[in-house]
Protein chains: 2
Amino acid sequence: MTKAELKKRIDIAAGRKVADTVIKNAKVVDVFNGVIIKGDIAFSDDYIAGVGQYSGEVTYDAKGCYAAPGFIDSHIHIESSCVTPEEIGRLLVPYGTTTIVADPHELVNIKGMDGMTYMLNAAEKTALDIKYMLPSCVPATPFEHAGGFIGVEEIKEALKDKRILGLAEFMDYPGVINAKSFALDRLMAACEAGVPIDGHSPQVFDNALNAYAIGGILTDHECTTVEEMKQRIACGMYVLMRQGSACHDLEKLLAGVTQENSHRCLLCSDDRQPKTIFEKGHLDEHLRICISKGIDPIIAIRMATINAAECFGMNDRGAISPGRRADIVLLEDLSQFKAAQVFIKGELVADAGKYLLPVSRQDINIKPSMRISFCVKDFSINKLKLSLKSNKVHTIGLKPDSVITEKGIAQVQLSDDGDFVYDKNVDIVKLAVIERHQNTGNVAVALLQGYGIKAGAVALSIAHDSHNIIATGTTDLDIAFAIETLIAQGGGIVIVKDGSVLETMPLPVGGIMSDQSGEWVDGKLTALHKIAHNELGINNKIEPIMTLCFMSLPVIPELKLTDKGLFDVTKFDFISVEAE
Amino acid sequence: MTKAELKKRIDIAAGRKVADTVIKNAKVVDVFNGVIIKGDIAFSDDYIAGVGQYSGEVTYDAKGCYAAPGFIDSHIHIESSCVTPEEIGRLLVPYGTTTIVADPHELVNIKGMDGMTYMLNAAEKTALDIKYMLPSCVPATPFEHAGGFIGVEEIKEALKDKRILGLAEFMDYPGVINAKSFALDRLMAACEAGVPIDGHSPQVFDNALNAYAIGGILTDHECTTVEEMKQRIACGMYVLMRQGSACHDLEKLLAGVTQENSHRCLLCSDDRQPKTIFEKGHLDEHLRICISKGIDPIIAIRMATINAAECFGMNDRGAISPGRRADIVLLEDLSQFKAAQVFIKGELVADAGKYLLPVSRQDINIKPSMRISFCVKDFSINKLKLSLKSNKVHTIGLKPDSVITEKGIAQVQLSDDGDFVYDKNVDIVKLAVIERHQNTGNVAVALLQGYGIKAGAVALSIAHDSHNIIATGTTDLDIAFAIETLIAQGGGIVIVKDGSVLETMPLPVGGIMSDQSGEWVDGKLTALHKIAHNELGINNKIEPIMTLCFMSLPVIPELKLTDKGLFDVTKFDFISVEAE
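Residues numbered from 1 in each chain as written. Chains lettered and ligands numbered in written order. Predicted model: local features only at pLDDT ≥ 70, side-chain atom pairs only at ≥ 80, totals over all residues. Heavy atoms only, no water.

### Concerning the pairing of strand 25 (residues 457-460) of chain A
Residue and element names in this part refer to chain A. Neither face of strand 25 is left uncovered, since the one carrying Ala-457 and Ala-459 and the one carrying Val-458 and Leu-460 both have all their residues buried. As judged from the four bridges shared by strand 25 and strand 26 (residues 469-473), these two strands associate in the antiparallel manner. In the strand pairing of strand 26, Val-458 is matched with Thr-472. By the bridge criterion, four bridges tie strand 25 to strand 27 (residues 492-497) in an arrangement that is antiparallel. Directly across from Leu-460, in strand 27, lies its bridge partner Ile-493. (Buried < 20%, exposed > 50% of the residue type's maximum accessible area, 1.4 Å probe, protein only. Helix = DSSP H or I, 4+ residues; strand = E, 2+ residues; numbered from the N terminus. Pairing = 2+ DSSP bridges.)

Structure representation (structure tokens):
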């Protein structure tokens, strides 16, 4: 802000100078007093000059709508929407979202700090204000090969960038609680930079939670029970109540929200696929759920606005008051929260559900390129062979609607040389993870139970958190064919059957994001789901794509497969496929 | 914080290591959830490790007391207590106060940045954590001579000091609202440093208030009505509800506090004389008043703790939660709020109303010396003469219990040369202000009505905000004698009658603060009041000393006297003593 800008703001606020823009005829939500007030909202350039009696160069008639501060999603992974930052802006803004706090953990695990830079630059090309948290745990664990590495020096350097608000979810919560040197160095870096650290501490309680909080962890979005929530709030943490595509925690947590602790409660998506956005919107869905559970509408709006601003030190937004960003959503009512118009930095950016600005995109080919480049050494069908010494094996047991697996034991048929033989009467198939970042040549194979696949194969370049290739199928031929097709098409998702490609979805941005629209992503995913269930016979109760993505995540129990082998999360060590 | 300290904190919080100190058997106030919880409070050095099950090297038994975060006075002028920072710590801590946000506006008007440095250094010598706001308006106005000058460069430099939280009350609110260059430069300096600015905007409303708020003003402690309060909160400002020795606004404002807006409400003293402290305590009085007006005890405690911490960005205190300063007050109940014990940075510092630490003092004689040095050029009794062209005069009319004066008109007796002649039947006397900082030789004389003085004279070196000498009396002889005695004794307060000194109170620190104890100050002020009323006949309804101090403050209506002359605050200009 220059002195002249400050003078202009004061002149407009005082009413000596005509405002750049005025919104008239709105019921203004005063999040501080918790009341609705009347008045014209005056803008001085990008900022709110005040609510009062004003005239403007440009005037909008709110037609009696409620004017609320633009919504803030306090935690989201853009990559989970399979679209780029420019596109997520187009998708979310029409629902009233004006700021998101994004954690680019997925792309940074693939591309390192180059991925962070790309996400920052792409964010500049949308009206949505995308603030980032810097991924804190890259690689997520030492039990896998990732493409990126973020060390303490990288963290210190990156935290100088004001577009980065703090350190993203500290998934290695045992590292914090046990005061491991690795964790301490990262916590110190955030502390010295004076920035917040997001948490991730499911089912951590009591003294262990105190230890996590004292490390400087400010938030948690992994609460699923009221008891977890209350303990975190008592520790001075903020609870980010999640309602995403995969996880639906909000409704349960609202039972723990009170007038008094509501100031420490925020709303977040964590992940939000295009389908969910098109069907349910974004934070407007969260707000509707709040109302349905009896939360006062202004308290609900606070959780979507000022509370998030306060939590992350974004003092320039979250309220319709002098000096804050002119990020405003006009709502038809405070029950459905349908956004009639959305303003960002004083500009009308969405009207009746339509994003009004042209979408330009950050070029993914300029160096350092974000286009996926496979570093897969010497892959061949032979690497899919198992050489088992026993037919009693461990299986990764799927459960519907969960990313937690069961450590199962089964007896399977073996070929003469000890390889697994698929039996169409038994729901057990091979699962393979192929390292794709470092040319290690690593291919790990294990057995998956409960997926229901009866023919063909599926291969993905999305596989949390290191995003190696993950593939499964009934025959080595089809699995290998799916993997080869995936590599040839430059990443994404491939479904094959009997040597034919049934459907593909290229995800050229790092192998995890499309360069197409949200509508295209939704269409492709819908087609893939249909084929997976109808042509491959995958269990209808299992979401065929996202479920597979999580089979390689070695921080969620009970049994997972990384490129280094079969990992027992409970033991926190690798085990053999043979059960004895 | 070093890595080893962080590790120690986490180890203690997790329960792997014995805590340095544990408070057991306390009912812990959880300001975040707004509830009382049970648990041991563990300390790791100066910080709270957590509330849970802990054992400690040292254990205190809270004996069932409530444990609340230490109280924070969000706005106070230490100088108004007539004691130094070391002593204010001794006085306030036993009442549960562990942090004050002080504005050393008075001393800095006298001594400039040297005064600021002294206040910072003196603060290091008490357990009370004294945070400072940097005086923003020095001199307070261009209508008087002060001893100090704080320009934009001084502000920029000073705001680098982390002990200075921000810019103190911006008294020149017309300067902000009218976007004067002087004000803009100072606002910009605070904005660029990213620090809060305290406000001072009595009776400013609507668009003018928006203009003030958009200047970056975060707080106001001058609200006296609920309407003022609600408008400021709607503007995103915090309201500091005042209960001091002079102003009692809290009770009235509590009518405007709601569950929802209470998070933006804080408690402050503004000024708190030793007598008030000894009779009523400190923020414990505020809390009792809150309870008497039906405020929930935990909401009241929030206003005295976490709300102030949040307002001023002091994220290291204000709650009993992991990682915050171990500043804790043990309270016998949540109605009287009597402090049984007080801990600061993990150390027991007050017990049963007694401050436990030795009081050492910053030497006021080391250079730059804080000892008062008068720069009064050529004062003589002749300078007290008025040379009036008319016997119809303006009078500064006193009103009981107010620092606002009335612009009166009276007919008075004149001598042959036009000088005012005192008439014992008329309650009008001479009031003189003698410049004492810059050797200007300025002496301004006007007429004071309603003080009731019937004999002798009073002279002070406390006179807001520039603290020149102010004196009044029935004869020039006694006024001159009082002034000469004041200069000879090195500042403070002098009462004389018929050429005899009746009582004195030296205030060697800048002429406004004693180097003695609060008890000594209280004793002296009590004696002075008694003599003023009994021997000089001053109106019993008028507080004789503090009332006089405010007769030179040209920002409070209606008529005031500075060293430059009689000032009409409404006209914002000087006027002559003659009324026509």
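### Considerations on the relation of the copies chain A and chain B
The two copies are related by a screw operation: chain A maps onto chain B through 180 degrees of rotation and 0.0 Å of translation along the axis, at an RMSD of 0.2 Å. The two molecules are tied by a two-fold rotation axis, judged by turn and shift. Taking C-alpha positions as reference, the residue of chain A nearest the rotation axis is A:Gln259, located at 3.5 Å. (Least-squares fit on C-alpha atoms with pLDDT ≥ 70 in both.)

### Remarks on the interface of chain A and chain B
You'll often see interface size given as the accessible area lost when the parts meet. Facing the 59 residues of chain A at the interface are 59 residues of chain B. Counting across the chain A and chain B interface gives six salt bridges. The shortest N-O distance in the salt bridge between B:Glu260 and A:Arg302 comes to 3.5 Å. Here chain A is connected to chain B by 22 residue pairs in polar contact (both at pLDDT 80 or more). Looking at the side of chain A that touches chain B, the elements that each hand over two or more residues are helix 1 (3-14), strand 5 (47-52), helix 6 (173-177), helix 7 (181-193), helix 8 (206-214), helix 9 (226-234) and helix 13 (297-304) of chain A. Among the elements that line the side of chain A that touches chain B, the one with the most residues is helix 1 of chain A, at eight residues. (Contact = heavy atoms within 4.5 Å. Salt bridge = Lys/Arg side-chain N within 4 Å of Asp/Glu carboxyl O. Polar contact = N/O pair within 3.5 Å; in protein donor to acceptor, adjacent residues only side chain to side chain.)

### Here we look at helix 1 of chain A
Here helix 1 of chain A is twelve residues long and its end C-alpha atoms lie 16 Å apart, about the 16 Å a rise of 1.5 Å per residue gives. Buried within helix 1 of chain A are the following residues: A:Leu6, A:Lys8, A:Arg9, A:Ile10, A:Asp11, A:Ile12 and A:Ala13. Contact partners of the buried residues in helix 1 of chain A: strand 1 (19-24), strand 4 (40-44) and strand 5 of chain A together with helix 6 (173-177), helix 7 (181-193) and helix 8 (206-214) of chain B. A:Gly15, located one to two residues past helix 1 of chain A, shows a positive phi value of around 90 degrees. (Expected span 1.5 Å × (residues − 1).)

### Focus: the pattern of salt bridges
Residue and element names in this part refer to chain A. As enumerated under the stated definition, the model contains 64 salt bridges over all chains in all. Between Lys-131 and Asp-129 there is a salt bridge, and its shortest N-O distance comes to 3.6 Å. Taking relative accessible area as the criterion, Lys-131 reaches 16% and is therefore assigned buried. Residue class for Asp-129 comes out buried when judged on its relative accessible area of 14%. Across the pair Lys-407 and Asp-568 runs a salt bridge, and its minimum N-O distance is 2.6 Å. In this pair, Lys-407 is assigned in strand 20 (residues 406-411) and Asp-568 in strand 30 (residues 565-568), connecting sequence segments 161 residues apart. One salt-bridge network, held together by shared partners, links Asp-129, Lys-131, Asp-316, Arg-317, Arg-325 and Asp-327.

### Topic: the packing of aromatic side chains
Centre-to-centre distance and the angle between the planes together describe a pair of aromatic rings. In this structure the tally under the stated criterion is 14 aromatic pairs over all chains. Ring geometry for A:Phe43 versus A:Phe343: centroids 6.1 Å apart, planes at 75 degrees, classification edge-to-face. Pair noted here: A:Phe43 is in strand 4 and A:Phe343 is in strand 16 (residues 339-344), with a separation of 300 residues, a long-range link. You'll find A:Phe43 and A:Phe343 in the same group, each marked buried. Both rings, one in B:Tyr60 and one in B:Phe343, keep their centres 4.9 Å apart while their planes meet at 75 degrees; by these two values the pair is edge-to-face. Placement of the pair is B:Tyr60 in strand 6 (residues 56-61) and B:Phe343 in strand 16 (residues 339-344), with a sequence separation of 283 residues. Given the relative accessible area of 26%, B:Tyr60 is considered partly exposed. Three or more aromatic residues joined by ring pairs form one cluster here, namely A:Phe143, A:Phe567, A:Phe572 and A:Phe574. Positioned over the ring face of B:Tyr66 is B:Lys27, at 4.6 Å from the centre of the ring. (Phe/Tyr/Trp six-rings, centres within 6.5 Å; stacked < 30°, edge-to-face > 60°. Lys NZ or Arg CZ within 6 Å of the ring centre and 35° of its normal.)

### A few points about the sheet that holds strand 17 (residues 347-351) of chain B
Residues and elements named next belong to chain B. The seven strands are arranged 3-2-7-15-16-17-18 in an open sheet whose pairing can be described as mixed. Because the sheet does not close on itself, it has two edges, and the strands there are strand 3 (35-38) and strand 18 (354-355). Strand direction decides the pairing type here: strand 17 and strand 18, joined by two bridges, are antiparallel. Pairing of Asp-351 across the sheet is with Lys-354, part of strand 18.

### Here we look at the sheet that holds strand 11 (residues 164-167) of chain B
All names here are of chain B. With parallel pairing, the four strands of this open sheet are ordered in space as 8-9-10-11. Unpaired on one side and paired on the other, strand 8 (71-76) and strand 11 mark the two borders of the sheet. Across the sheet, the mean angle from the axis of one strand to that of its neighbour is 20 degrees, orientation sign disregarded. (Axes fitted to C-alpha atoms, helices over the stretch in contact; angles between N-to-C directions.)

### Examining the packing of helix 1 of chain A against helix 8 of chain B
Running from N to C, helix 1 of chain A and helix 8 of chain B point in directions that differ by 160 degrees, and their axes come no closer than 7 Å. Taken together, the axis directions place helix 1 of chain A and helix 8 of chain B in an arrangement best described as roughly antiparallel. Handedness of the crossing formed by helix 1 of chain A with helix 8 of chain B: right-handed. Note on element contacts: helix 8 of chain B touches helix 1 of chain A through B:Asn207, B:Asn210, B:Ala211 and B:Ile214, opposite A:Leu6, A:Arg9, A:Ile10, A:Ala13 and A:Ala14. Here the contact of helix 1 of chain A with helix 8 of chain B is composed, by residue class, of six nonpolar, two polar and one charged. (Parallel < 35°, antiparallel > 145°, perpendicular 65-115°, else oblique. Left-handed = near helix turned anticlockwise from the far one by under 90°. Nonpolar A, V, L, I, M, F, W, Y, C, P; charged D, E, K, R; others polar.)

### Observations regarding empty space enclosed by the protein
The tally for this structure, following the rule as stated, stands at six cavities of 30 Å³ or more. As a volume, the largest cavity reaches approximately 60 Å³. Around the largest cavity sit A:Phe32, A:His263, A:Arg302, A:Glu310, B:Tyr238, B:Glu260, B:His263, B:Arg264 and B:Glu310, which together line it. Residues of the lining of the largest cavity, tallied by class, amount to two nonpolar, two polar and five charged. In this structure, the second largest cavity spans a volume of roughly 50 Å³. Along the walls of the second largest cavity sit A:Tyr238, A:Glu260, A:Asn261, A:His263, A:Arg264, A:Glu310, B:Phe32, B:His263, B:Arg302 and B:Glu310, which together make up its complete lining. Partitioning the lining of the second largest cavity into residue classes produces two nonpolar, three polar and five charged. (1 Å grid on protein atoms, 1.4 Å probe; cavity = no way out; pocket = protein on both sides within 12 Å on 5 of 7 lines; lining within 4 Å. Points joined across faces, edges and corners; volume = space filled by probe spheres on them.)

### Comments concerning unusual backbone geometry
Residue A:Lys367 is joined to A:Pro368 through a cis peptide bond whose omega torsion reads -5 degrees. Tracing the sequence through the fold places A:Pro368 in the loop between strand 18 (354-355) and strand 19 (392-397). The omega torsion of the bond from B:Val138 to B:Pro139 falls at 0 degrees, within 30 degrees of zero and hence cis. A positive phi is found at A:Asp498, a non-glycine position, where the angle reads about 50 degrees. In the Ramachandran plot, B:Phe572 falls in the positive-phi region, its phi being about 55 degrees despite a non-glycine side chain. With relative accessibility at 39%, the residue B:Phe572 sits in the partly exposed group.

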